[in-house]
Amino acid sequence: MSLFNDVEKVLISETELKERIAALAAEMNAIYTDDDLPVLICILKGAFMFLADLTRHLTFRHELDFMEISSYGRGTTSTGAVRILLDLAKDVQGRNVVIVEDIVDTGNTLTYILRNFAARNPASVRVATLLSKPSRRQIEVPVDFIGFEVPDEFVIGYGLDFAEQYRNLPFIGVLKPEVYQRS
Ligand code: PRP
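Residues numbered from 1 in each chain as written. Predicted model: local features only at pLDDT ≥ 70, side-chain atom pairs only at ≥ 80, totals over all residues. Heavy atoms only, no water.

A. View of the sheet that holds strand β8 (residues 155-156). Judged by pairing direction, the sheet is antiparallel, and its three strands sit side by side in the order β1-β9-β8 without closing on themselves. Both edges of this open sheet fall to β1 (7-12) and β8, since each of them pairs with a single strand only. Where β1 and strand β9 (residues 172-175) come together, four bridges link them in antiparallel fashion. The residue bridging K9 from the neighbouring strand is V174, located in β9. (Pairing = 2+ DSSP bridges. Helix = DSSP H or I, 4+ residues; strand = E, 2+ residues; numbered from the N terminus.)

See below:
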């Protein structure tokens, strides 16, 4: 059966994503200059598609780097424990950093990331996230650029997965409950 059949509904269409990401990039273009030479840090794996579209709309000089983070025990048994699976290639000391996330849910992962970056002594740190689920927040965490606020539903697509699948969907969708209930 096609993976599209596992989608209950489209929450954010391709067109809506495209327009909102262009608007987020415009906000960033109004803040950063070539002299700032920020480093955009893509938090893998979920943010890869957002980063790829965002970076193409940015008009200031910037660099990219990647970091893979795994969060454990999310959901009702969330422990907030986070681990770095792949670290940055760059030294960000004295640099202007923009953390690029796909979603801020409980806020545990981003809190960990921000603490971790503070120890690397960057010149500045801002956060861009495509999605935010404020109703799930356990820790207040500062976010500078938010694409969309989403309700507490199982969102997939445009980089976001269920069991490592569905990341390739070109929209943000809601997964049919029977798909995650049967696994
Ligand atoms: C997701 C997402 C964030 C985190 C948000 O990552 O990319 O990093 O969860 O959740 P939180 O606010 O409750 O901490 P995930 O661990 O699913 O990894 P992935 O990006 O590789 O899919």
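B. Main features of the site of the ligand. Near the ligand, the surroundings consist of 16 residues, among which S71, E101, D102, T106 and T109 are the closest. With respect to the ligand, the side chain of T109 contributes an N or O atom lying 2.5 Å from an oxygen atom. Coverage of the ligand by the protein chains reaches 90% of its 500 Å² of free accessible surface. Counting residues per element, the ones that place at least two in the shell around the ligand are β5 (96-104) and α3 (108-118). A total of four residues in the shell around the ligand trace back to one element, the largest contributor, which is β5. Each residue belonging to the shell around the ligand can be placed in one class, and the counts come to three nonpolar, six polar and seven charged. (Near = heavy atom within 4 Å. Polar contact = N/O pair within 3.5 Å; in protein donor to acceptor, adjacent residues only side chain to side chain. Areas by Shrake-Rupley, 256 points an atom, 1.4 Å probe, with all protein chains shown as cover. Nonpolar A, V, L, I, M, F, W, Y, C, P; charged D, E, K, R; others polar.)

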